[in-house]
Amino acid sequence: MNTYMKNLLCACIGIWFLVSPWVFGFQTQPNAIFTCALLGSLQFVAALLALGKSGKKVWQNWVCLVIGALFIVVPNVFHLNLLAFTSFVVLGFMTILTNYSNLFPEYQ
(Lines give C-alpha, C1' and ligand atoms only; values in the text may rest on other atoms or scores of the structure.)
Protein backbone atom coordinates (compact mmCIF):
# COMPACT_ATOMS: atom_id res chain seq x y z
CA MET A 1 0.00 0.00 0.00
CA ASN A 2 1.48 3.36 -0.95
CA THR A 3 1.70 6.39 1.32
CA TYR A 4 -1.14 8.16 -0.48
CA MET A 5 -3.58 5.36 0.37
CA LYS A 6 -2.31 5.11 3.95
CA ASN A 7 -2.92 8.80 4.51
CA LEU A 8 -6.39 8.55 2.99
CA LEU A 9 -7.11 5.68 5.37
CA CYS A 10 -5.99 7.83 8.31
CA ALA A 11 -8.20 10.69 7.09
CA CYS A 12 -11.18 8.33 7.01
CA ILE A 13 -10.37 7.12 10.52
CA GLY A 14 -10.27 10.77 11.61
CA ILE A 15 -13.79 11.27 10.25
CA TRP A 16 -14.90 8.13 12.09
CA PHE A 17 -13.54 9.50 15.36
CA LEU A 18 -15.32 12.77 14.64
CA VAL A 19 -18.77 11.12 14.30
CA SER A 20 -18.25 8.35 16.86
CA PRO A 21 -20.04 10.09 19.77
CA TRP A 22 -23.31 9.93 17.82
CA VAL A 23 -22.68 6.43 16.49
CA PHE A 24 -21.99 4.96 19.93
CA GLY A 25 -24.48 7.11 21.84
CA PHE A 26 -22.25 9.08 24.19
CA GLN A 27 -23.31 12.45 22.80
CA THR A 28 -24.52 13.46 26.28
CA GLN A 29 -20.90 13.72 27.49
CA PRO A 30 -19.72 17.16 26.34
CA ASN A 31 -16.05 16.53 27.18
CA ALA A 32 -16.04 13.32 25.14
CA ILE A 33 -17.68 15.09 22.20
CA PHE A 34 -15.14 17.92 22.37
CA THR A 35 -12.23 15.48 22.56
CA CYS A 36 -13.46 13.36 19.65
CA ALA A 37 -14.26 16.42 17.53
CA LEU A 38 -10.91 18.07 18.19
CA LEU A 39 -8.72 15.01 17.74
CA GLY A 40 -10.75 13.54 14.87
CA SER A 41 -10.71 16.75 12.86
CA LEU A 42 -7.03 17.31 13.63
CA GLN A 43 -6.23 13.80 12.40
CA PHE A 44 -8.34 14.36 9.27
CA VAL A 45 -6.56 17.61 8.39
CA ALA A 46 -3.06 16.31 9.22
CA ALA A 47 -3.62 13.15 7.17
CA LEU A 48 -4.77 15.19 4.18
CA LEU A 49 -1.76 17.48 4.50
CA ALA A 50 0.51 14.43 4.54
CA LEU A 51 -0.89 12.87 1.34
CA GLY A 52 1.91 11.13 -0.51
CA LYS A 53 4.64 12.19 1.93
CA SER A 54 6.86 9.82 3.87
CA GLY A 55 9.96 10.07 5.99
CA LYS A 56 10.95 11.03 9.50
CA LYS A 57 10.61 14.77 8.90
CA VAL A 58 6.93 14.78 7.92
CA TRP A 59 5.36 16.40 10.96
CA GLN A 60 1.81 15.56 9.83
CA ASN A 61 2.49 11.84 10.20
CA TRP A 62 3.89 12.45 13.69
CA VAL A 63 0.72 14.33 14.63
CA CYS A 64 -1.45 11.45 13.41
CA LEU A 65 0.69 8.91 15.24
CA VAL A 66 0.29 10.80 18.54
CA ILE A 67 -3.45 11.19 17.97
CA GLY A 68 -3.70 7.42 17.43
CA ALA A 69 -2.05 6.91 20.82
CA LEU A 70 -4.46 9.39 22.41
CA PHE A 71 -7.44 7.56 20.97
CA ILE A 72 -6.32 4.41 22.76
CA VAL A 73 -6.57 6.36 26.03
CA VAL A 74 -9.89 8.17 25.32
CA PRO A 75 -12.28 5.27 26.08
CA ASN A 76 -10.57 4.72 29.42
CA VAL A 77 -10.92 8.37 30.41
CA PHE A 78 -14.59 8.69 29.46
CA HIS A 79 -15.67 5.13 30.45
CA LEU A 80 -17.19 4.24 27.08
CA ASN A 81 -19.09 1.03 26.36
CA LEU A 82 -17.34 -2.10 25.11
CA LEU A 83 -18.11 -1.57 21.42
CA ALA A 84 -16.80 2.01 21.49
CA PHE A 85 -13.78 0.89 23.53
CA THR A 86 -12.93 -1.80 20.99
CA SER A 87 -13.40 0.54 18.04
CA PHE A 88 -11.21 3.27 19.55
CA VAL A 89 -8.41 0.89 20.53
CA VAL A 90 -8.34 -1.01 17.22
CA LEU A 91 -8.51 2.14 15.08
CA GLY A 92 -6.00 3.90 17.35
CA PHE A 93 -3.52 1.07 16.83
CA MET A 94 -4.25 1.06 13.11
CA THR A 95 -3.53 4.80 12.99
CA ILE A 96 -0.26 4.31 14.87
CA LEU A 97 0.93 1.46 12.64
CA THR A 98 -0.08 3.18 9.41
CA ASN A 99 1.72 6.39 10.29
CA TYR A 100 4.73 4.50 11.62
CA SER A 101 5.06 2.82 8.24
CA ASN A 102 4.88 6.27 6.60
CA LEU A 103 7.50 7.67 8.94
CA PHE A 104 9.96 4.81 8.50
CA PRO A 105 9.42 3.43 4.96
CA GLU A 106 12.87 1.84 4.91
CA TYR A 107 11.68 -0.86 7.35
CA GLN A 108 8.88 -2.17 5.11
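**Q** Explain the overall build of the chain to me, using residue names and the numbers behind them.
**A** Helix and strand counts for the chain come out as four helices and zero strands. Counting from the amino terminus, the chain carries its helices and strands in the arrangement α-α-α-α. A compact globule built from 108 residues would reach a C-alpha radius of gyration of about 13 Å, and the chain, at 14 Å, matches this within 12%. If you line up the chain on its principal axes, its C-alpha atoms span 45 × 20 × 20 Å. A fraction of 69% describes how many contacts in the chain between residues 6 or more apart in sequence connect residues 24 or more apart. Put simply, the chain shows about 5800 Å² of open surface, and 74% of that area lies on carbon and sulfur atoms.

**Q** Which residues make up the packing of helix α3 (residues 59-78) against helix α4 (residues 82-103), and what values do they have?
**A** To characterise two packed helices, one gives the angle between the axes of the helices and the distance between these axes. Running from amino to carboxyl end, α3 crosses α4 at an angle of 160°, the nearest separation of the two axes being 8 Å. On the basis of the axis angle, α3 is roughly antiparallel to α4. Crossing of α3 over α4 shows left-handed handedness. In contact with N61, W62, C64, L65, G68, A69, F71, I72, V74, P75 and N76 of α3, α4 contributes F85, F88, V89, G92, F93, T95, I96, N99, Y100, N102 and L103. The residue inventory of the contact of α3 with α4, partitioned by class, reads 15 nonpolar, seven polar and no charged.

**Q** Residues and numbers for the packing of helix α1 (residues 3-24) against helix α2 (residues 30-49), please.
**A** Orientation of α1 relative to α2, taken along the N-to-C sense of each, is 165°, at an axis distance of 8 Å. The pairing of α1 with α2 is recorded here as roughly antiparallel in orientation. Between α1 and α2 lies a crossing whose hand is left-handed. Here α1 contributes N7, L8, C10, A11, I13, G14, I15, F17, L18, S20, P21 and W22 to the contact with α2, which in turn contributes I33, C36, A37, G40, S41, Q43, F44, A47 and L48.

**Q** An account of the packing of aromatic side chains is requested, with residue identities and associated values reported.
**A** Applying the stated rule across the entire model yields seven aromatic pairs. Aromatic side chains W62 and F104 sit 6.2 Å apart centroid to centroid with 90° between the ring planes, which places their arrangement in the edge-to-face category. Residue W62 is found in helix α3, and its partner F104 is found in the segment after α4; the two are separated by 42 residues along the sequence. W62 gets classed as partly exposed once you look at its relative accessible area, which sits at 35%. You can call F104 buried: its relative accessible area is 15%.

**Q** Give me the environment of L51: which residues, what numbers.
**A** Turning to its location among the elements, L51 is positioned in the loop between α2 and α3. Residues L51 and C10, 41 residues apart in the sequence, show an inter-C-alpha distance of 10.0 Å. In this structure L51 touches Y4, N7 and L8, once residues within four positions along its chain are discounted.

Rules of the game
Residues numbered from 1 in each chain as written. Predicted model: local features only at pLDDT ≥ 70, side-chain atom pairs only at ≥ 80, totals over all residues. Heavy atoms only, no water. Helix = DSSP H or I, 4+ residues; strand = E, 2+ residues; numbered from the N terminus. Rg over C-alpha atoms; globule rule 2.2 N^0.38 Å. Contact = heavy atoms within 4.5 Å. Areas by Shrake-Rupley, 256 points an atom, 1.4 Å probe, with all protein chains shown as cover. Axes fitted to C-alpha atoms, helices over the stretch in contact; angles between N-to-C directions. Parallel < 35°, antiparallel > 145°, perpendicular 65-115°, else oblique. Left-handed = near helix turned anticlockwise from the far one by under 90°. Nonpolar A, V, L, I, M, F, W, Y, C, P; charged D, E, K, R; others polar. Phe/Tyr/Trp six-rings, centres within 6.5 Å; stacked < 30°, edge-to-face > 60°. Buried < 20%, exposed > 50% of the residue type's maximum accessible area, 1.4 Å probe, protein only.

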